[in-house]
Each structure stands twice: as structure tokens, then as C-alpha cells.
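Commentary on secondary and tertiary structure
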Amino acid sequence: MSNAPVLKGSSFTLSILQLFDSDTDRALAYLAGKVSQAPAFFAQAPLILNVEQVEGDLAFARLKNGIEKLGLHVVGVVGCERTAQQEQAFAAGIPRLRPGSQGSELDIPKGPARTAKASKVVRTPVRSGQQIYAKGRDLVVLGHVSHGAEVIADGSIQIYGTLRGRALAGAAGNGDCHVLCGNQQAELISIAGNYWLSEQIDKQFWQQQVLVTQRDDALQMETIRL
Amino acid sequence: MARIIVVTSGKGGVGKTTSSAAIASGLALAGHKTAVIDFDIGLRNLDLILGCERRVVYDFVNVLNGEASLQQALIKDKRSENLFILPASQTRDKDALTMEGVQQVLSELDQLGFEFVICDSPAGIEHGAMMALYFADEAIITTNPEVSSVRDSDRILGILDAKSKRAEKGLEPVKQHLLITRYNPSRVDAGEMLSVDDILEILNIPLLGVIPESQSVLNASNKGVPVVFEEQADAGQAYQDAVARLVGEDKPMRYVKAEKKSLLKRIFGG
Ligand SMILES: Nc1ncnc2c1ncn2[C@@H]1O[C@H](COP(=O)(O)OP(=O)(O)OP(=O)(O)O)[C@@H](O)[C@H]1O
Ligand SMILES: [Mg+2]
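Keep in mind that what you see is a predicted model, and the values were worked out from it rather than measured.

**Some points on helix H7 (residues 147-163) of chain B**
All names here are of chain B. Taking 1.5 Å of rise per residue, 17 residues should cover 24 Å, and H7 covers 24 Å from first to last C-alpha, within 8% of that figure. Restricting attention to buried positions, one finds in H7 the residues Ser149, Val150, Ser153, Asp154, Ile156, Leu157, Gly158, Ile159 and Leu160. Each element contacted by the buried residues of H7 is listed here: strand S1 (3-8), helix H6 (127-134), strand S6 (138-143), helix H8 (165-168), strand S7 (175-183) and helix H10 (196-203).

Right, dumping it as C-alpha cells:
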């Protein structure tokens with residue numbers, strides 16, 4: 001039996017800091033704001049710089065220092081086309097990466113489109129004491145979800161009636177999922193294990209049409225018009 | 001085919017037995033051959049409210065156990081020739097209620113030409129309540145205007161949607177009717193009770209009737225006369241309206257607004 005080390009290829013999901021100019025102070029201030037919103041998520045997190053859009057010279061070393069002070073690690077740079085820029089990055093100890101495909105900015109999760117499996121559609125009201133689980137897909141409830149009822153989906157959840165019970169989206173850990181409801185009076189709303197109890201939900205959202213998403217590991221609620 | 005209607009609530013003491021007796025009597029008065037079955041094995045209330053407790057020889061459990069025929073156990077009401085009562089056993093245990101036994105009794109009632117079979121459910125969601133609702137075509141959800149009662153009604157509605165025979169066999173769902181009982185409009189106005197609209201908003205099923213909280217109900221049940229026979233009583237009239245709606249008539253809701261006290265009454269009390 002051989003226990004010799006082997007070299008393997010793999011892919012990881014990493015955060016990318018997209019820069020548009022050489023203003024390192026502004027970039028660091030932005031990042032500091034993000035870190036303070038979700039310190040746990042960013043603690044010792046690897047970060048990649050995208051300098052594709054940056055015209056002038058960038059103070060790589062200064063940027064790298066500032067980022068490390070925020071508790072993150074710069075593990076690479078992409079979009080580094082000019083030789084001068086490549087050398088500066090290399091001098092600052094930042095390896096150059098060639099991305100396989102270009103990622104877009106993290107945005108509102110595209111719940112329903114993301115899953116190939118058709119949504120589970122529930123036409124009857126979900127009553128107290130009932131539990132509905134949409135395994136590996138989205139859940140659509142046409143009526144109300146009562147107090148003491150629970151709707152769970154590995155994907156997103158859309159409730160066209162009133163949500164008085166509990167809704168748990170992204171139950172298998174997918175944080176890109178959302179919860180939408182026609183009238184928010186929830187006992188609990190959760191996305192990928194991140195949850196709010198009714199008392200944690202801002203009063204302005206009571207009895208409103210809302211969309212709940214997760215961003216930077218924190219739940220976000222907004223009123224919407226259906 | 002007989003319409004099998006369960007009167008159920010989840011919560012106890014909300015007026016199921018009172019309503020079963022009133023509605024069954026009202027249907028019989030309107031000329032429909034009606035049977036009313038007491039599923040509250042071990043307690044026996046229905047025969048008291050209907051005033052036939054002294055004429056009970058055989059009961060539901062005797063029939064289920066083959067100790068008596070259905071005809072022997074059915075008690076003919078003294079006020080209406082169209083009403084028959086199948087009383088519960090006071091002594092037996094509710095395990096006697098089996099799926100096959102209940103089904104057998106219901107199909108015999110159908111063969112005897114009954115138009116309506118009203119099943120008075122015990123409180124809770126245990127065996128007795130499940131047996132009372134399992135074969136139902138329709139359900140009268142009896143609810144008091146308070147949060148806990150509405151919650152329990154919601155729970156029962158979920159069970160009807162998931163565990164009734166109609167749900168299990170994928171047939172047309174059990175038709176649901178909301179009956180709000182012990183409604184007191186002035187306490188609703190004072191914010192001490194839920195309003196009809198509050199309850200409808202939560203339960204979201206068609207409203208069959210609103211029965212006011214009334215002394216006449218207590219008087220009637222003490223006399224062993226279902227309150228529908230009290231033609232002048234508010235609760236009696238509200239039950240008559242509910243019965244009419246059950247057979248497809250359109251009736252406006254009464255007794256849902258607080259009575260305005262006249263100036264004289266306000267001054268002199270009353
Ligand atoms: N509209 C009403 N106004 C005043 N009292 C009422 C009214 N309806 C029912 N009651 C009273 O409430 C009590 C309970 O009623 P009832 O026995 O019909 O309830 P139930 O739901 O059958 O109870 P259980 O769950 O024990 O079977 C009785 O004392 C009855 O007289
Ligand atoms: Mg009863």
C-alpha cells in the first residue's frame with residue numbers, strides 16, 4: 001500500500017473582489033463593511049482579486065496587507081493581463097490564476113430556474129400540525145400556511161397565501177434559495193439553516209408581501225409587489 | 001346516497017353535541033330522514049340533549065359487536081318521525097369502534113334510506129374522533145371565537161384533508177363548513193373575542209352559520225329539547241338558518257352584530 005502524496009486537480013468556490021480602479025482605500029473600506037456584517041463568514045476566508053477592469057498601477061502589497069488585517073487571505077489574482085501588473089502582483093506574493101469561466105456578481109438567487117426538477121405544488125391550505133417537504137426541489141403553496149404548520153424545501157419556497165407557520169428553504173444547505181410569501185406573519189423563516197423567529201422580523205414586514213434571501217450569510221427581507 | 005356529515009372541532013366543549021342535536025333535528029323538521037350518531041363512547045351526551053336518555057336499550061357499541069341489530073338500537077325521536085338517534089355506550093370502551101364496524105353501520109343507514117347521517121365527534125384527535133370523521137362526505141367545523149379553538153379547528157381541517165377516507169382514496173375532498181358557536185358580538189367589539197372575519201381569514205372555508213352565545217341553549221339542553229325547537233330564541237333561529245344553508249338555501253347571517261341598546265334601556269338598564 002502506497003501512502004505517497006499525489007497531486008490532484010479540484011475546484012472550489014471562492015469569493016472574488018472585483019476592482020474597477022486602483023483606489024485601494026475604497027476597496028478596503030468596502031471590504032471592511034462586508035466583514036463587519038458577517039464576521040464569521042469572512043474569518044480567515046480565501047479571497048481572489050479581479051483586476052481586469054483596473055487601468056493604472058495597483059498597489060498590490062498595500063492592498064494585500066490591508067486585506068490580511070481584516071482577517072482574510074489573498075490567494076490569487078485574475079484578469080492580470082499586462083506584464084507590469086503581473087510582476088507587481090508576483091512581487092507582492094500573489095499568484096496569478098487563470099479562471100476557467102467568468103463568474104458573475106453574486107445576486108438574487110434564481111431559485112426556480114436553478115433546479116431542473118419541477119416544483120412541488122400544494123393546492124390545499126397547509127394546516128396546523130401538517131408538514132410538507134419538497135425534497136430536492138422548490139415548493140409552491142397556493143393557499144395559506146397556518147400557525148403550527150411547517151413547509152420545507154431543499155430549494156426555494158413560494159407561498160401565495162398567508163404564512164403564519166414556519167417556512168424552511170434551502171434545507172439541504174443551499175443558501176441561494178429564497179422564501180416568498182403573500183402575507184408575512186411567520187413563526188419562523190429559514191434559509192440554509194439561517195433563521196429568524198417572528199420576534200426577530202422587523203415590524204415593517206408584518207402582513208406584507210415579502211421576499212427573503214440570504215446574502216453574505218445573513219437573511220435579508222424586502223417587501224415586494226406580486 | 002346518504003350525506004355523511006361529521007360535526008367536529010378538535011377542542012372540547014365548543015358545542016359539537018349541541019350543534020349535532022340542533023342540526024339533525026332541524027333537518028328532520030324540514031322533512032329529511034336523518035340519523036344522528038354519538039361517537040363519544042363512554043360519555044353519552046347526545047341522548048340527554050335530545051331528551052331520549054330513558055329510552056336507550058341498545059347502543060352503538062352493541063351494534064358494532066353484533067349484540068343488537070341497527071334497527072333495534074336506533075331510537076326514534078318523539079318530536080320528529082324523521083329523526084333517529086344511535087346513542088353511545090356509557091360503559092364500553094372506545095376500542096369497540098373499528099373501521100369495518102363503522103363502515104357497516106353507515107352503509108346500513110344508507111340502505112335504510114337515510115338522507116343525512118350526522119356524526120357527533122368526541123373532542124381531540126384520537127381514535128374516536130378519527131373514526132367519526134373518516135367516512136365523512138362533509139364536515140361541520142365547530143369553532144368558538146377564541147384563538148385556541150380556531151387553532152384546533154385548523155388542525156382538524158388538515159386531518160380531514162390528509163387522513164379521511166376521501167383523502168386516502170384520492171376522491172373529491174371532504175366538503176368543509178364552518179360553524180361558529182357561542183358568538184358574542186359585544187365581546188367581539190370589545191376586542192375580547194375573534195370576529196367572524198378574523199376566523200374566516202385564518203380558516204378560509206365557507207361559513208355555514210354563526211350561533212350566538214345564548215342562555216336559550218342552556219335552558220333547552222336542561223329540558224332535553226334541542227334549541228331549534230325554541231322558535232323565538234336567537235340560537236334556535238341561527239341553527240335553523242344553518243340547516244337551511246346546508247340544504248342549499250341562501251340565508252343572510254343574523255346575530256353577528258352587537259345589539260344596539262335603546263336609550264331607555266341604557267338609562268334604566270336591561
Ligand atoms: N350557543 C351557545 N350558547 C351558550 N352555551 C352554549 C352554546 N353552545 C353550547 N353551549 C354550552 O357549552 C357546553 C358544551 O357544549 P357541548 O356539549 O355541545 O360541546 P361539545 O363540543 O359537544 O363538548 P365535548 O367536546 O365535551 O363533546 C354546554 O354546556 C352547552 O350548553
Ligand atoms: Mg360532545
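**Details of the sheet that holds strand S9 (residues 166-169) of chain A**
All names here are of chain A. If you trace the five strands from one edge of the open sheet to the other, you get S5-S7-S9-S11-S12, paired in mixed fashion. Lying at the two open borders of the sheet, with one neighbouring strand each, are strand S5 (131-134) and strand S12 (194-197). Here the strands of the sheet are splayed against their neighbours by 5° on average, with no regard to which way each runs. As defined by bridge partners, strand S11 (residues 188-191) adjoins S12 across four bridges and the pair is classed as antiparallel. What sits directly across from Ser190, in S12, is Tyr195.

**Looking at the environment of Val122 of chain A**
Relative to the assigned elements, Val122 of chain A resides in strand S4 (residues 120-122). Residues Val122 of chain A and Trp196 of chain A lie 74 residues apart in sequence; the distance between their C-alpha atoms is 24 Å.

**Focus: the UniProt feature "domain: Septum formation inhibitor MinC C-terminal" (unreviewed entry) in chain A**
In the numbering adopted here, UniProt assigns the feature "domain: Septum formation inhibitor MinC C-terminal" (unreviewed entry) to residues 121-221 of chain A. Here residues 121-221 of chain A runs as 0% helix and 48% strand, with 23 Å between its end C-alpha atoms.

**Some points on the sheet that holds strand S3 (residues 75-76) of chain B**
Each strand in a sheet pairs with another by means of backbone hydrogen bonds, the pair being arranged parallel or else antiparallel. Residue and element names in this part refer to chain B. Strand order in the open sheet formed by eight strands is S3-S4-S2-S5-S1-S6-S7-S8, and the pairing between neighbours is mixed. Edge strands, defined here as strands with exactly one partner in the open sheet, are S3 and strand S8 (207-212). Helix H5 (residues 99-111) rests against S1, strand S2 (34-38), strand S4 (83-86) and strand S5 (116-120) of the sheet, and its axis sits at about 165° to S2.

Conventions and cut-offs
- Throughout this description, residue numbers start from 1 for each chain and increase along the sequence as written.
- Going through the entries in the order they are written, you letter the chains from A and number the ligands from 1.
- Owing to the predicted nature of the model, reporting of local features is limited to residues with pLDDT of at least 70; listing and counting of side-chain atom pairs is limited to 80 or more, with chain, interface and lining totals taken over all residues.
- The side-chain quantities take in all heavy atoms of the structure and omit both hydrogens and water.
- Secondary structure elements are taken from DSSP: a helix is a run of H or I of four residues or more, a strand is a run of E of two residues or more, and numbering for both begins at the N terminus.
- Helix span is expected to be 1.5 Å times the residue number reduced by one.
- Accessible area is worked out with a 1.4 Å probe on protein chains only. A residue is then buried under 20% of its type maximum, exposed over 50%, and partly exposed in between.
- Two residues form a contact once any of their heavy atoms are found within 4.5 Å.
- We treat two strands as partners when DSSP finds at least two bridges between them.
- Interaxial angles span 0 to 180 degrees and are taken between N-to-C directions of axes, which are lines fitted to C-alpha atoms, for helices over the stretch in contact.
- UniProt positions are given in the numbering used here, feature names are shortened, and annotations may be inferred rather than shown by experiment.

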